[in-house]
Structure formats: C-alpha cells, structure tokens
Amino acid sequence: MFKNWDDVRKTQDGVARILTNSIARNRVSHSYIFEGPKGTRKKGVAILFAKTLLCTNPQDYNPCNACHNCLRVENNTHPNLFVIDPPGKVIKKEVISNLILELSKASLEPGPRIYIVIDADRFNPSSANTLLKTMEEPGQEVYQVLITENYNSLLSTIISRAEILHFLPINRSIIKDYLVELNVNETFANIISQYTSDLPTAEKLAKNKETEEIYLLVTEIFQNLTLKDQSSIISLYQADKLFTDNENVDIFMNLLIYYQKDILSYKLNNDNFIMFIDQKETIAKLAKKITKNQAQEYLEEMLDLSMKLKYNINLQLAFNKLLMILERGYKYATHSRSDTV
Amino acid sequence: MNFSIQTEILLNNLLISQKALSTKTPAPYLQGIKLEVFDNELVLLTSNSDISIKLSIKDESLNVETTGEILIPGRVFVDFIRKLDKGIVEFSVVDNNVLKIHSHNTDLSLNLLNVEDYPELSFHLNDLPIKLESKIMRAVIRQTTFAASSVENRPILTGVNIRVEDDKLIAIATDSFRLSQKKIDIQKNYENMNVVIPSKSLDELSKVLELDLDEILIHLNSKSIVFEYGNILFQSRLLEGNFPETSRLIPVEFPIILKFKLNDLAIAVERASLLSIKDNYNSIVKLSLKPNNEVEITSNSPEIGKVVEEIDPVEKIAITPIKIAFSSKYFLDALKTFNSSEVYVKFTGEIRPFIIEGADDPGLVQLILPVRTE
C-alpha cells in the first residue's frame, strides 16, 4: 500500500507527476485508464488516488494517512469508494447496473466518490455499454479508474472518454537478480521476471512447484519437437491437472510464447534477447527447421490463442491444436530451409 | 464503556432501528448497530446506506458509568435482546473488542465490529423544519409511492418528487405511464425546495411512523432529507438528477366528467379485469360512454371470454361519447388512494391521459395514460 506520492514516484515517475499535478491544480479528470503490465501496482496507485481525493486533511498533494477517511480507505470500508472486482472472467452487466443505481443517489457521506474497476478488460459488450452511459454524464464529484493490462481490449468509445496513464514495466533485471540470489535457476528466474514485474508475486511463483512443472513441460514440448518419434500431446495429457487453475494456464501460455519468441530472436540473430538461456541448443536446432515467416506465424497463432483463453474454451483441444500446428511445422519440415535474410 | 438499561425500553427502540439494518449489503460494517453512550443518553445508529435511523434514548432506567461508542453485529444483538427476560440489562466492553451483556442469569460475550469503519452519518437538521401531521405524512406516502417506477432504467423515476412551493408541499410520483400527485397546505412559507426521495425509503418511513405521535418535522437540504419523529431521526439519501416537469402533463379542461360511487367502480373494474389473467400489467379494460349515456366497462379475452359491466354514473357531463382503454391494475391502484366515497373520472379524449379525483380528497390527482386498441 502506497502511503504517499513520493513512493509512487520511485517506480512510476510519469504517472505520479501527472496525477499529483492535476490534484494540486484541482483539475482531476473524471475518468482514468491505468494501463500497464502485471505487477506495476496500478491498484495501489488507484487506492492512493482515492485516498488523496477523500482525505480531509491533505498535505499539498499527499493524503494525511491519519484522518478517518484515510483509515477507512485503507480498510476498504469507506462508503464513497467502490472497488469493483467481481470473481470470474467477465464483469457482468448487473454489477455495473448496481453501481449506476448507487451513483444515482446522493452520496452517503459528503465528498467525492471514486470507483475502481479491476481488470476492466473483463467487460462484456453489454456491461461496457452500460458503463459508457455513465461515463457520458458523470455525476458531480464522481471519479472512475479503470485498471487494465491491455487497454486496447476496451471499447474504443470508453478509451476516448478517459485519460490514459501508462505504467512502465519495472526493470526486469532487479527481479531476476533477486530470484537468482534466492538460488533459483537462472533461466527460470529470467522467465519469471518476464512474466511479472512484482517482486512478491515473482518470489511466490519461483517457489511454487506447479510453476516449475509448467516450465519443465514447456521445455519438454519444444525438445520433443526436435525428435521425430516423440509427441508432446502425451505430456500435455499427463499434465492435465495443472490446467485446472486459470493462473497456471496463463503462465503456460506465456511460457510457450516466450519460447517461440526466443526462436524468432535466434533467427533474427538477436541472441541476447533469448530468455530460455539454457535451451539455446534446442532453440538453434528448431530455428534451423523453419523460415522466419513461419516462426512469426506460429507466434501469432499463440498470441491469438492467448486472447481466446479468457473465454470458456476447451483448453485441452485448444492446446492440442496448437501443438499439432507446431509439430507439423517443426517435425515434418520437408527440408531444412536456408534462409534468405 | 459501561451502562445498564431496562430491557423493554432498549428492545422497543431496537425494533425501530433494525428497520434500517442492512441484511444483504456487501459492506459488513453496515450490518452493525452503532451504540453511542453519553452521560445521560444512549444513541442507536443503523444504516443500510439508503436510509439511516438515529434513535436517542433518554430514559430513567439508563444508568451510564462510562461513556463510549461501539459497533455491534446487528442481527444477533437484536435477536438476543428480544429473548431476554424483563428487567435491567447491563453492558460492558472488555478488551476493547468484546461486549459483555448480563441480565439475571444470562451472560453473553459478543465480538464487536471495528467502530472506526462506521460511516459518518450527518443527520443534518435545519433551524426551520417543515412541520406536518404524521397521519398526513403517512397518507402522502401511501398515495404516491405506489406510482413510482419499479424498473431501474431511469433511476430518477424510482423516487417521489417532493417540492416546497410557497405554502404548498407537492409530492409527485410517476413511472411514465401513470402519475400520482398530492398537494398539501403547509402553514408557513418555507424556502422553496425540489428533491427526489427514493420511494423505498418513504415506504420504510411509513413503517416507522407508527408511534402515537402527532407531529413530524422534515429537515430538507440538497443532499439528504431527515424526518424527525419523536426521538427518531430518519435520514434518506436523495436521488440525483432532475425530475421530469410534470405540471404540463395534467390537463386542465375536461369535456367529459363522470362521477361514480368509488366502490361500485372498483368492483366493476375488478370483475372486468379477471378475464385477462396473463399478468396484472397487461390486463386491459375498456370504458365506453355510449350515445345513450350508458357507461359500460368491458374486457375481452378471445380464449376465455368476454365481460360487460354496466355502471351508472352518479353525475355526468359529456359532450361526446367516448371509448377508452386502460390498464386495470393502474386504475385500481389509483382508486385505492382515495378516502372519498365518490370519485370523478375526467377525460379529454380517447388517446389522451385521463385523471381521477376524489370528491373529498383535496389536492390528490391520479393520472393514467390510456392504451391504444384498434
């Protein structure tokens, strides 16, 4: 939890400066989109923003952290602060309708009202449109913060009505070095630092057995691609229980993407971008089998699948299909093609 | 905090304050009752964010040793006090977060909620509140809230518009298909006001107004409304936004005026409505004034059958015959608001809204939009 804006400034200087300036000049926008990768503490900044607006005794642009309002913001018990984070992959329309109903009444306590939507890319079209209606005519002293990792998946009409603040990814090497100090395998540390830029999350993942299993599974899948008589589909079936957890599925998908990116990097002679450092040999073998265009094509295939993961799709089938495409490409390449760079 | 009080006194007050107790709110702190203990006063605070009730208890049996404030889990507390034997009940807080309740042979330790989480409820009182007879207030509520919209598409219509204009207080509710308006005289010239109160809050208020007290004071400001009724302060949030301008909706000239005995009319419409049992809102009845001056109420449902009710108006002023169709539910709801034994139904045209007024209900107008039928 951020206590003041100087803390934010250490990692997100730009964001802190924009927000504190508008607070100090009393020109706060009614809607913000906080966009940035995992672990950049967008929610923490949003809460601090709410606290600053609600604080009864602010010092310049910093909240006092002592008044009744500040304390209740910290406990998430302030009646004027709404944190919308329903469980599930979709934010349903009724959640937004309830919010609108609440905002249609005068506030219980005087002062501004702030609502924060966590993972706003979870809106479905009908809830996004419902929200849009309130964005068009925000009540007096109603502020909204939409938090997302990918603002392009929001409706363009929502984006155009909000001010977008980009959160910078935190320097990955800090996380990597930290994990290596904890005796985590260097490649593994490298990959986790790509996946999240939040230290506590990174540490949790590094210590999680399941994450390691996923990591091993991904390396196995790609190693199998170099062998004619091994299919990874079997390994995928054996790892079935890992995929009951959404977080794991997300990690798995991302690791596949990283590996494919490595292959592409190798083809482009960008060796120092390679994340799976100890897999260089396999990467080199695989890279020789396909063309640059193919490498790119497979990467797009993966990115496409990762977008679809938030819907209720049959994971087993979807991953099988992806593997088939990869196997067809890598194993049954008619001849090792020489690239025309 | 340490005090004791007569069980029945506490219970009677708790039963009132629990009306504002949240049951299904996401905020756990609103499920609590806040107790504020002063030297010779006990204050109970409850809120479900829409309505809040503040009760002040100053009773001879109240004996305060140390003052303080706590937040008690509401439901358990009320249920427990309800089951206690008569007599004195003692309360004391130990370790800052446990409330000990002692009465006769009973001992209860109740874990408290964090009182710091409780919202600051303003209960803003004016110097010059509007004074009304409580039975008039209850009548106004009964005569208007039913007409407010229950669909939340346009939140502003779920409320009752209260206007203070010179020496009149006007309450209006509409769901855009019907409208109910009640004007009452108020004694003095208060500051003009125009607010919208959620109709649910008013329904709750009318349940609270059951004590044997004559007077109710209304404290209005732009953010909230507080009703003062004896030792009870009842606060409601207001709906934000502008209530539609309704004064032009009510016609002023009526070429056709029919006067009926209220009971006869109600029974006739009720019988006619029985045929369309699909659902209440869709049961359409037709009223026709024939050239020979008979009034007929009919309903036709091809699958079930047809009803024809003949009804004699007590009086009529009519230039032309008319045939008008409307929802029987809206019509019956409107009739229920009158205390008169005779009502006027006034028409301007077949597809124009018509109004109902009572012979002995000054200031009350019910307006209904007709339905087009071929």
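Here the residue index of a chain counts from 1 through its sequence in written order. Ligands are numbered from 1 and chains lettered from A, in the order in which they are written. Owing to the predicted nature of the model, reporting of local features is limited to residues with pLDDT of at least 70; listing and counting of side-chain atom pairs is limited to 80 or more, with chain, interface and lining totals taken over all residues. Hydrogens and water molecules were not included; the side-chain quantities draw on all heavy atoms of the structure.

A. Molecular detail of the overall build of chain A. We count a stretch as a helix when DSSP gives it H or I for four or more residues in a row; a strand needs E for two or more, and each element gets its number in order from the N terminus. Check the secondary structure of chain A and you find 16 helices and 5 strands. Principal axes of the C-alpha set define a box for chain A whose edges measure 70 × 45 × 40 Å. Residue exposure (1.4 Å probe, protein chains only): buried if accessible area is under 20% of the type maximum, exposed if over 50%, otherwise partly exposed. Residues classed as buried in chain A amount to 52% of the 341 residues present. When contacts within chain A are restricted to residue pairs at least 6 apart in sequence, those whose partners lie at least 24 apart make up 71%. Each accessible area is a Shrake-Rupley estimate made with a 1.4 Å probe; only the visible protein chains count as cover when residues are assessed. Surface summary for chain A: the accessible area is close to 16,600 Å², and the carbon and sulfur share equals 49%. Looking at charge distribution, chain A has the averaged site of its 40 positive side-chain charges lying 3 Å from that of its 41 negative ones. Any two residues whose heavy atoms approach within 4.5 Å at even a single point are treated as in contact. For this count, His and the chain ends are skipped, Lys and Arg are scored as positive, and Asp and Glu as negative. Here the site of a charge means atom NZ of a Lys, CZ of an Arg, CG of an Asp or CD of a Glu.

B. Summary view of the overall build of chain B. Summing up its helical and strand segments, chain B has 6 helices and 26 strands in all. Taken along the three principal axes of its C-alpha coordinates, chain B extends 85 × 50 × 35 Å. Burial status across chain B gives 53% buried among its 374 residues. Sequence-distant contacts in chain B: of pairs separated by 6 or more residues, those separated by 24 or more amount to 66%. On chain B, roughly 18,300 Å² of surface is accessible, and the fraction owed to carbon and sulfur atoms is 46%. Side-chain charges of chain B comprise 40 positive and 53 negative groups, with the mean position of each set lying 7 Å from the other.

C. Inspection of the sheet that holds strand E3 (residues 113–117) of chain A at higher detail. Residues and elements named next belong to chain A. One open sheet accounts for 5 strands, arranged E2-E3-E4-E1-E5; its pairing is parallel. Each edge of the open sheet carries a strand with a single partner, namely strand E2 (81–84) and strand E5 (163–166). The average angle at which neighbouring strand axes cross in this sheet is 15°, direction not considered. As paired strands, strand E1 (residues 31–35) and strand E4 (residues 142–148) are joined by 5 bridges and run parallel to one another. Being paired, for any two strands, means DSSP has found at least two bridges between them. Helix axes use the C-alpha atoms of the stretch in contact, all axes being lines fitted to C-alpha atoms, and the angles between their N-to-C directions lie in the range 0 to 180 degrees.

D. Expanded view of the layout of surface pockets. Estimates place the volume of the second largest pocket at around 1,600 Å³. The definitions used throughout rest on a 1 Å grid laid over the protein atoms alone, on which a cavity is an enclosed set of points accommodating a 1.4 Å probe that cannot get out and a pocket is an open set flanked by protein within 12 Å on both sides along at least five of seven lines; lining residues are those having an atom within 4 Å of a point. For the second largest pocket, the lining is made up of 47 residues, of which Asn98(A), Glu102(A), Thr25(B), Pro26(B) and Ser49(B) are closest to its centre. Those elements giving two or more residues to the lining of the second largest pocket turn out to be E2 and helix H5 (93–103) of chain A together with helix H4 (199–208) of chain B. All residues other than Ala, Val, Leu, Ile, Met, Phe, Trp, Tyr, Cys, Pro, Asp, Glu, Lys and Arg, Gly among them, are scored as polar; the first ten of these are nonpolar and the last four charged. In terms of residue class, the lining of the second largest pocket is made up of 21 nonpolar, 15 polar and 11 charged. Grid points are joined across faces, edges and corners, and a volume is the space filled by probe spheres set on the points.

E. Spotlight on the confidence of the model for chain B. The predictor rates its confidence in each residue with pLDDT, a number between 0 and 100. With 98% of its residues at a pLDDT of at least 70, chain B reaches an overall mean of 89. Scoring of the predicted complex yields 0.79 for pTM and 0.80 for ipTM.

F. Looking closely at the interface of chain A and chain B. Across the boundary between the two partners, chain A contributes 17 residues, which contact 19 residues of chain B. For the pair chain A and chain B, the summed buried area comes to about 1,700 Å², and 49% of that belongs to carbon and sulfur atoms. Of all residues in chain A, the largest losses of buried area upon contact with chain B belong to Lys105(A), Ala106(A) and Leu108(A), amounting jointly to 36% of the total for that side. Salt-bridge detection follows one rule: a side-chain nitrogen of Lys or Arg within 4 Å of a carboxyl oxygen of Asp or Glu. Where chain A touches chain B, the interface holds 3 salt bridges. Accessible area that two parts lose when put together, with a 1.4 Å probe and added across both, is what the buried area reports.

G. Molecular detail of the pairing of strand E26 (residues 364–368) of chain B. Residue and element names in this part refer to chain B. The element E26 is largely enclosed, with a buried count of 5 among its 5 residues. Residues of E26 alternate between two faces, with Leu-364, Gln-366 and Ile-368 on one and Val-365 and Leu-367 on the opposite face, all of them buried. Bridge count between strand E13 (residues 178–185) and E26: 5 bridges; the pairing is antiparallel. By the bridge assignment, Arg-178 is partnered in E26 with Ile-368.

H. Local environment of the pattern of salt bridges. Across all of its chains, the model carries 33 salt bridges over all chains by this definition. For Glu149(A), the salt bridge is made with Lys38(A), and the minimal N-O distance between the two is 3.8 Å. Of this pair, Glu149(A) sits in the loop between E4 and helix H7 (156–159) while Lys38(A) sits in the loop between E1 and helix H3 (42–54); the two residues are 111 residues apart in sequence, bridging distant segments of the chain. For Glu149(A), a relative accessible area of 36% puts it in the partly exposed group. One salt bridge in this structure joins Glu133(B) and Lys135(B), with 3.1 Å as the shortest N-O distance. Judged by relative accessible area, Glu133(B) falls into the partly exposed class, the value being 40%. Classification of Lys135(B) as exposed rests on a relative accessible area of 60%.

I. The packing of helix H13 (residues 246–267) of chain A against helix H16 (residues 315–331) of chain A, seen in detail. All names here are of chain A. Running from N to C, H13 and H16 point in directions that differ by 15°, and their axes come no closer than 13 Å. Judged on the interaxial angle alone, H16 and H13 are roughly parallel. The chirality of how H13 crosses H16 is left-handed. For the pair H13 and H16, contact is made by Val-249, Phe-252, Met-253, Leu-256, Gln-260 and Ile-263 and by Leu-315, Phe-319, Leu-322, Leu-326 and Tyr-330, respectively. Roughly parallel refers to an angle under 35 degrees, roughly antiparallel to one over 145, roughly perpendicular to one between 65 and 115, and oblique to any angle outside these ranges. Here is the rule for handedness: rotate from the far helix to the near one, and if that takes an anticlockwise turn smaller than a right angle the crossing is left-handed, while a clockwise turn gives right-handed.

J. Seen up close, empty space enclosed by the protein. Residue and element names in this part refer to chain A. A complete count under the given rule lists 2 cavities of 30 Å³ or more for this structure. Space inside the largest cavity adds up to approximately 40 Å³. Around the largest cavity, the lining residues are Phe-188, Ile-191, Ile-192, Tyr-195, Leu-205, Thr-211, Ile-251 and Leu-255. Taken together, the elements giving at least two residues each to the lining of the largest cavity come down to helix H9 (186–195) and H13. If you tally residues by element for the lining of the largest cavity, the top one is H9, at 4 residues.

K. Here's a closer look at the packing of aromatic side chains. Any two rings among Phe, Tyr and Trp, with Trp reduced to its six-membered ring, count as a pair given centres within 6.5 Å; such a pair is stacked if its planes are under 30 degrees apart, edge-to-face if over 60, and tilted if neither. Scanning the entire structure with this criterion turns up 18 aromatic pairs over all chains. Note on Phe326(B) and Phe354(B): the rings are 5.2 Å apart at their centroids and 55° apart in plane angle, and the pair reads as tilted. With Phe326(B) in strand E23 (residues 322–327) and Phe354(B) in strand E25 (residues 354–358), this pair connects stretches of sequence that are 28 residues apart. Using a relative accessible area of 0% as the deciding quantity, one classes Phe354(B) as buried. Look at Phe347(B) and Phe354(B): their rings are 5.2 Å apart centre to centre, the planes differ by 40°, and that puts the pair in the tilted class. The same class applies to Phe347(B) as to Phe354(B), namely buried. In this structure an aromatic cluster arises from ring pairing among Phe188(A), Tyr215(A), Phe222(A), Tyr259(A) and Phe276(A). As a reminder, the over-ring test applies to NZ of lysine and CZ of arginine, requiring each to be within 6 Å of the ring centre and within 35 degrees of the ring normal. Directly above the aromatic system of Phe2(A) lies the positively charged group of Arg41(A), at a separation of 4.2 Å from the ring centroid.

L. Main features of the nonpolar core. In this text, buried Ala, Val, Leu, Ile, Met, Phe, Trp, Tyr and Cys residues form a nonpolar core when linked through side-chain atoms within 4.5 Å. Core analysis: the biggest nonpolar cluster contains 64 residues, and Phe3(B), Leu42(B), Phe77(B), Phe91(B), Met137(B) and Phe227(B) have the highest contact counts within it. What Met137(B) contacts, discounting residues up to four positions off in sequence, is Leu132(B), Leu202(B), Leu205(B), Leu209(B), Ile216(B), Ile218(B) and Phe227(B).

M. Here's a closer look at unusual backbone geometry. All names here are of chain A. Positive phi, normally seen in glycine, also occurs at Asp-119, with a value near 50°. Its location among the elements puts Asp-119 in the loop between E3 and helix H6 (125–136). Positive phi values are uncommon outside glycine, yet Asn-269 reaches one of about 65°. One can find Asn-269 in the loop between H13 and helix H14 (280–289).

N. Quick look at the domain arrangement of chain A. All names here are of chain A. Throughout, the edges of the domains are those of an automatic or database domain assignment. By domain assignment, chain A separates into domain 1 (5–166) and domain 2 (208–332). Summarising the inter-unit geometry, the C-alpha centres of domain 1 and domain 2 are found 37 Å apart. With 4 residues of domain 1 at the contact, the number on the domain 2 side is 6 residues. Together, the buried faces of domain 1 and domain 2 total about 410 Å²; carbon and sulfur atoms form 35% of this surface.

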